[in-house]
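# Structural characterization, general
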Amino acid sequence: MAPSPPELTLGVEEEYQIIDPVTRQLHGQAEAVLTAARETLGEAVQPELHRSQVEIATPVCQNLADVRAKLTYCRQAVIAAAETAGCQIAAAGTHPFSHWADQEVTPKPRYQELVNDYQQLMREQVIFGCHVHVGISDRELAIQIMNRARVWLTPLLALTANSPFWLGRDTGYASFRTELWGRWPTSGPPATFQSYADYRAVVQSLVDTHTVRDGSKIYWDIRVSERFETLEFRVTDVCATVDEAVMVAGLIQALVQTCYTQIVQGKPEPLVRSELLYAAHWRAARHGLSGELLDVIAEQAVPAAQRIETFLDFLRPALEEQNTWEEVSQTVRRIQQQGTGSDRQRAIYQQTGRLEDVVDHIVRQTSRDVPKPQVKLAESAGGMKLES
């Protein structure tokens, strides 16, 4: 008997930088920004690890148009709140030059525990991601979809690479956030699992061995959410623009739908060596769309443009069924033509030689096409909340 189709509702979480408009440094004013933003967003805006960052979580969204409206409203509210606090908001995976040692940890027991457990790894986690939840109440089905979706993480990462600079230098990576995050013991592409019980057993083993304190600290690029009936994708840098964030949500929703269709059709799960999957992940973080990506199923390197085309072809039936093909594919094409967030940051630096100008560019991109909100977030207090 075929499993019931997943709900395919969506929720998006974004982590933002708080910027001093004079120095362009990260600015530890999260408390002031949160106080102002919560007048509009309530608990949909939360503190993060450091006082120089905040994160938002949209309420549950029924479709991609809903994602755009609610994400736009969340960005608008946080940007306005930052202005009242004399700050700016920037969406990029790393700050171009602020030093991790200058960032204060948010005084919450959860974060203090993480610093105590992971020490320098945690202190250096001045990074900013985008997480997408897709509604799947059937945990067994979520595992089957995760086993299939894991081989398509690298196109998502390459398209959203948005962190080339770190501590005042060009790292040579399109997504250096990925490399900083990849040092964690429970990060990167997940393994395959025979069942949800198998997944839970592995998580419990990591808890029992004191590798993590609880299941919410499993940070694989795809995981079964501990708090929600969702499959959570955690692979991408925070996107510079709303358009790109909506594109990511649309691609992930279509990926889940496509994997479900394969399950119903009885197609076997792809067999991929973990070593090749990690190599593909590194390649995407290193080059973004400017070099080759790995086709982990065919076990060969191909031009990034070819891999993106294969990805779109794979997802097109689901995107067309969801009436999102034109919107999503157009944004993908625009990124291919104009460059990723990382490419655009580098272009500014090549023009001016000033990383402060790069920060100004990121701030502009973050608020680009963010009009006055068109929706109410009355349900925002029940929205998704980051589990980090």
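Heads up: the structure comes first, above all this text.
Bear in mind the structure is a predicted one, so any value in this text is a computation, not a measurement.

### Remarks on the overall build of the protein
- The helix and strand tally for the protein stands at 14 helices and 11 strands.
- Over its C-alpha atoms the protein spans a radius of gyration of 20 Å, differing by no more than 12% from the 21 Å that the globule rule assigns to 388 residues.
- Considering only C-alpha atoms, the protein reaches an extent of 60 × 45 × 40 Å along its principal axes.
- In the protein, buried positions account for 60% of the 388 residues.
- Here the contacts in the protein between residues at least 6 apart in sequence split such that 78% fall between residues at least 24 apart.
- Accessible surface, the protein as shown: approximately 15000 Å² in total, 48% of it carbon and sulfur.
- The average position of the 37 basic charges and that of the 49 acidic charges among the side chains of the protein differ by 2 Å.

### Structural notes on the side chain of arginine 346
- With respect to the secondary-structure elements, arginine 346 resides in helix H13 (residues 341-352).
- Judged by relative accessible area, arginine 346 falls into the buried class, the value being 18%.
- Setting aside its immediate chain neighbours within four residues, arginine 346 contacts Pro164, Phe165, Asp170, Gly172, Tyr173 and Ala174.

### Side note on the pattern of salt bridges
- Per the counting criterion, the structure on display carries 24 salt bridges.
- With its nearest N and O atoms 3.9 Å apart, the salt bridge here joins arginine 213 to glutamate 113. Remark: glutamate 113 occurs in helix H3 (residues 109-118) and arginine 213 occurs in the loop between helix H8 (196-208) and strand S8 (222-224); sequence separation between them is 100 residues.
- Owing to a relative accessible area of 40%, arginine 213 belongs among the partly exposed residues under this scheme.
- Between glutamate 124 and arginine 183 there is a salt bridge, with its nearest N and O atoms 3.3 Å apart. With glutamate 124 in the loop between helix H4 (120-123) and strand S5 (129-135) and arginine 183 in the loop between helix H7 (176-181) and H8, this residue pair connects regions lying 59 residues apart in the sequence.
- Taken together, the shared-partner salt bridges in this structure form one network comprising Arg68, Asp243, Glu327 and Arg334.

### What to know about the pairing of strand S10 (residues 292-295)
- For S10 and strand S11 (residues 300-303), the ladder comprises four bridges, and the chain directions are antiparallel. Counterpart to aspartate 295 in the pairing with S11 is glutamine 300.
- Hairpin connection between S10 and S11: a loop of four residues separates the two successive antiparallel strands, and glutamate 299 in this loop has a positive phi of roughly 60 degrees.

### Comments concerning the packing of aromatic side chains
- Applying the stated criterion across every chain, the model contains 14 aromatic pairs.
- Seen in terms of ring centroids, tryptophan 152 and phenylalanine 311 are 5.6 Å apart; in terms of plane orientation they differ by 20 degrees. Their pairing is stacked. Placement of the pair is tryptophan 152 in the loop between helix H5 (139-149) and helix H6 (153-160) and phenylalanine 311 in helix H11 (residues 304-321), with a sequence separation of 159 residues. Side by side, tryptophan 152 and phenylalanine 311 carry an identical accessibility label, which is buried.
- Pairwise contacts between aromatic rings join Tyr118, Trp181, Trp184 and Tyr219 into one cluster.
- Between arginine 286 and the ring centre of tyrosine 173, over which it is positioned, the NZ or CZ distance is 5.9 Å.

### Some details on the layout of surface pockets
- The calculated volume of the largest pocket comes to roughly 200 Å³.
- Lining the largest pocket are 14 residues, with Thr178, Glu179, Gly182, Gly188 and His281 sitting closest to its centre.
- Here the element with the most residues in the lining of the largest pocket is H7; it accounts for four residues.
- The residue makeup of the lining of the largest pocket, split by class, is five nonpolar, five polar and four charged.

### Let's talk about helix H12 (residues 325-338)
- Compared with the 20 Å implied by 1.5 Å per residue over 14 residues, the 20 Å span of H12 between its first and last C-alpha is a close match.
- Along H12, the residues classified as buried are Trp325, Val328, Ser329, Thr331, Val332 and Ile335. End-on view of H12: buried residues confined to an arc of 155 degrees, all on one side of the axis. Exposed residues pointing more than 90 degrees away from the buried face of H12 are listed as Gln337 and Gln338.
- Those residues of H12 that are buried lie in contact with helix H2 (64-84), H6, helix H9 (242-264) and H11.
- At the C-terminal side of H12, glycine 339 shows a positive phi close to 100 degrees.

### Some words on a negative patch on the surface
- A contiguous patch of negative charge, built from Glu7, Asp138, Glu140 and Glu229, is present on the exposed surface.
- Residue placement: glutamate 140 occurs in helix H5.

### Concerning empty space enclosed by the protein
- For the structure on display, the rule yields four cavities of 30 Å³ or more.
- Of the voids in this model, the second largest cavity is the one considered here, and its volume is about 80 Å³.
- For the second largest cavity, the full set of lining residues is Thr241, Asp243, Glu244, Thr331, Arg334, Ile335, Gln338, Arg344, Gln365 and Arg368.
- Listing elements by their share of the lining of the second largest cavity, those giving two or more residues are H9 and H12.
- The element best represented in the lining of the second largest cavity is H12, accounting for four residues.
- Split by residue class, the lining of the second largest cavity holds one nonpolar, four polar and five charged.

Cut-off values and rules
- Residues numbered from 1 in each chain as written.
- Predicted model: local features only at pLDDT ≥ 70, side-chain atom pairs only at ≥ 80, totals over all residues.
- Heavy atoms only, no water.
- Helix = DSSP H or I, 4+ residues; strand = E, 2+ residues; numbered from the N terminus.
- Rg over C-alpha atoms; globule rule 2.2 N^0.38 Å.
- Buried < 20%, exposed > 50% of the residue type's maximum accessible area, 1.4 Å probe, protein only.
- Contact = heavy atoms within 4.5 Å.
- Areas by Shrake-Rupley, 256 points an atom, 1.4 Å probe, with all protein chains shown as cover.
- Lys, Arg positive; Asp, Glu negative; His and termini not counted.
- Charge placed at Lys NZ, Arg CZ, Asp CG, Glu CD.
- Salt bridge = Lys/Arg side-chain N within 4 Å of Asp/Glu carboxyl O.
- Pairing = 2+ DSSP bridges.
- Phe/Tyr/Trp six-rings, centres within 6.5 Å; stacked < 30°, edge-to-face > 60°.
- Lys NZ or Arg CZ within 6 Å of the ring centre and 35° of its normal.
- 1 Å grid on protein atoms, 1.4 Å probe; cavity = no way out; pocket = protein on both sides within 12 Å on 5 of 7 lines; lining within 4 Å.
- Points joined across faces, edges and corners; volume = space filled by probe spheres on them.
- Nonpolar A, V, L, I, M, F, W, Y, C, P; charged D, E, K, R; others polar.
- Expected span 1.5 Å × (residues − 1).
- Arc of directions from axis to C-beta.
- Patch = residues over 30% accessible without salt bridge, like charges linked within 9 Å, V, L, I, M, F, W, Y side chains within 5 Å.

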